[in-house]
Amino acid sequence: MDALGIDGVGVSFDGVPAVDGVTLGVAPGEVLGILGPSGSGKSTLLRAVAGLERLGSGSVSWHGDDITALAVHRRGFALMFQDGQLFPHRTVAQNIAYPLRITRASGQAERVVDLLDLVGLPGFGERRVTELSGGEQQRVALARSLAGKPRLLLLDEPLSSLDRELRERLAGDLRRILVATGTTAVFVTHDQDEAFAVSDRVAVMMRGRLEQVGTPAEVWRRPVNAAVARFLGYTTVLDPDRARLVVPEATGAIALRAAAVVVTDDASVRGTLVSSTPAVDGARVRVLLDGIGEVDGVAGPRHPLVVGSAVGVRFDPAGIAVLP
Ligand SMILES: Nc1ncnc2c1ncn2[C@@H]1O[C@H](COP(=O)(O)OP(=O)(O)OP(=O)(O)O)[C@@H](O)[C@H]1O
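Residues numbered from 1 in each chain as written. Predicted model: local features only at pLDDT ≥ 70, side-chain atom pairs only at ≥ 80, totals over all residues.

Topic: the overall build of the protein chain
Then comes step 1: Counting secondary structure elements, the protein chain contains nine helices and 18 strands.
Then comes step 2: Each principal axis of the C-alpha distribution contributes one length, and for the protein chain these read about 75 × 45 × 35 Å.
Then comes step 3: Within the protein chain, buried positions represent 37% of all 324 residues.
Then comes step 4: Considering only intrachain contacts with a sequence separation of at least 6, the fraction spanning at least 24 residues in the protein chain is 64%. (Helix = DSSP H or I, 4+ residues; strand = E, 2+ residues; numbered from the N terminus. Buried ≥ 20, exposed ≤ 12 C-beta atoms within 10 Å, placed from the backbone. Contact = placed C-beta atoms within 7 Å.)

And the structure:
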């Protein structure tokens, strides 16, 4: 049975739906990522699960028990936000021990040491949080969220305030920590890479509705529609007639990543270069292909690219998704 049950949940603000009939389950120990563009209702859904938003419709359950009317602090869930909201005038250890102090847990000092080890900050206990980097602060916030052994951890864009390199590293650490502690978690992000790096399953939301749920590989390989495909970074969607010029056995539409359209000499499809923008490993291009139309693509550093000149392309199957 699912640990968390979200059943037909709707939340509206001034009559405008922000979350519209979402049904979703989270298994014990599972990390579910909610992925969607800005304003798609991700945070509102998370807040509804936490008990911070009044539901217009539907219910939230925990192991089958309806908790829709249960007060926030009685749910046993922990919340972590983009800025970890640490107490600035307390030490790292005092911040982490905060949930333990409320519950008067014994063995606090040992627990703090264990949590600091877990988040990769051994020996940081006596530091002031104002002396930490952004990434270190988010690790402390994560340790604090885990301190009370919540039955469910709700994370709202926990890595968004960090720069890209650090975010990628912490995404891997976050997954490792959630798995190691067996924590059931729901994680909100607008960043596809982050969602795929952290989650067991990804739920894609658009305009308040749940569009697709699946493992990262399923969602990536088989987006349910063109809107989801575009959001995931597929730059071109071809209707079935044009799709067959790229994938002869295609029966439906296909979506292409720019990296799937490669300018090359021994090309199967010919076209004209429309534009070219330098990139680290060559160029991002736009090519008008015979019978297909304009598509985004890539070119290696070797190719002299003159706008208006004839070019050929090959298609890389790894960057092509077949739409249902
Ligand atoms: N307290 C509120 N009052 C009125 N409208 C709200 C409120 N909270 C959210 N909304 C609206 O509900 C919609 C969904 O917002 P929400 O914050 O859930 O989206 P999101 O997907 O989390 O976006 P982001 O990634 O930008 O945080 C938006 O149109 C937003 O303006």
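Looking at the domain arrangement of the protein chain
Quite often, the size of an interface is put as the accessible area lost when its parts meet.
Then comes step 1: Looking at the protein chain, the domain boundaries give domain 1 (4–223) and domain 2 (230–322).
Then comes step 2: Here the C-alpha centroids of domain 1 and domain 2 sit 38 Å apart.
Then comes step 3: Contact with domain 1, which involves seven residues of that partner, is made by six residues of domain 2.
Then comes step 4: Within the side of domain 1 that touches domain 2, the residues separate by chemical class into four nonpolar, one polar and two charged. (Domains from an automatic or database assignment. Nonpolar A, V, L, I, M, F, W, Y, C, P; charged D, E, K, R; others polar.)

Section: the site of the ligand
Then comes step 1: Taken together, Phe13, Ala18, Gly36, Ser38, Gly39, Ser40, Gly41, Lys42, Ser43, Thr44 and His190 make up the full set of residues adjacent to the ligand.
Then comes step 2: Of all the elements, helix α1 (residues 42–50) adds the most residues to the shell around the ligand, at three residues.
Then comes step 3: Split into classes, the residues belonging to the shell around the ligand amount to two nonpolar, eight polar and one charged. (Near = placed C-beta within 6 Å.)

With respect to the sheet that holds strand β12 (residues 254–256)
Then comes step 1: In space, the three strands of this open sheet follow the order β11-β12-β18, with antiparallel pairing throughout. Every interior strand has two partners, whereas the edge strands, β11 (236–238) and β18 (320–322), have only one. Mean inter-strand twist for the sheet, computed between neighbouring axes without regard to direction, equals 20 degrees. (Pairing = 2+ DSSP bridges. Axes fitted to C-alpha atoms, helices over the stretch in contact; angles between N-to-C directions.)

What about α1?
Then comes step 1: With respect to burial, α1 is a largely interior element, seven of its nine residues being buried.
Then comes step 2: Taken residue by residue, α1 has Lys42, Ser43, Thr44, Leu45, Leu46, Ala48 and Val49 as its buried positions.
Then comes step 3: Positive backbone phi, at 95 degrees, marks Gly51, one or two positions downstream of α1.

Points about the pairing of strand β1 (residues 4–13)
Then comes step 1: Two elements, β1 and strand β4 (residues 57–62), share five bridges in a ladder whose sense is antiparallel. In the strand pairing of β4, Asp7 is matched with Ser59.
Then comes step 2: Across seven bridges, β1 lies against strand β2 (residues 16–26) in antiparallel orientation. Bridging from a neighbouring strand, Gly5 pairs with Gly25 of β2.
Then comes step 3: In sequence, β1 turns back onto β2 through a hairpin of two residues, with Asp14 there showing a positive phi of about 50 degrees.

Side note on the packing of helix α3 (residues 108–118) against helix α4 (residues 134–147)
Relative placement of two packed helices is described by the angle separating their axes and the distance separating the axes.
Then comes step 1: Where α3 contacts α4, the two axes come as close as 9 Å, and the packing angle between them is 130 degrees. Here α3 lies oblique to α4, going by the angle between them. The element α3 and its partner α4 pack so that their crossing is right-handed. Here Arg111, Leu115, Leu116 and Leu118 of α3 lie close against α4, whose contacting residues are Ala143, Leu146 and Ala147. (Parallel < 35°, antiparallel > 145°, perpendicular 65-115°, else oblique. Left-handed = near helix turned anticlockwise from the far one by under 90°.)

Here's the deal with the environment of Gln192
Then comes step 1: In this fold, Gln192 is placed in helix α6 (residues 192–198).
Then comes step 2: When the C-alpha atoms of Gln192 and Gly36 are compared, they prove to be 8.4 Å apart, with 156 residues separating the residues in sequence.
Then comes step 3: The contact partners of Gln192, leaving out residues within four places of it in the chain, are Leu35, Leu232 and Gly233.

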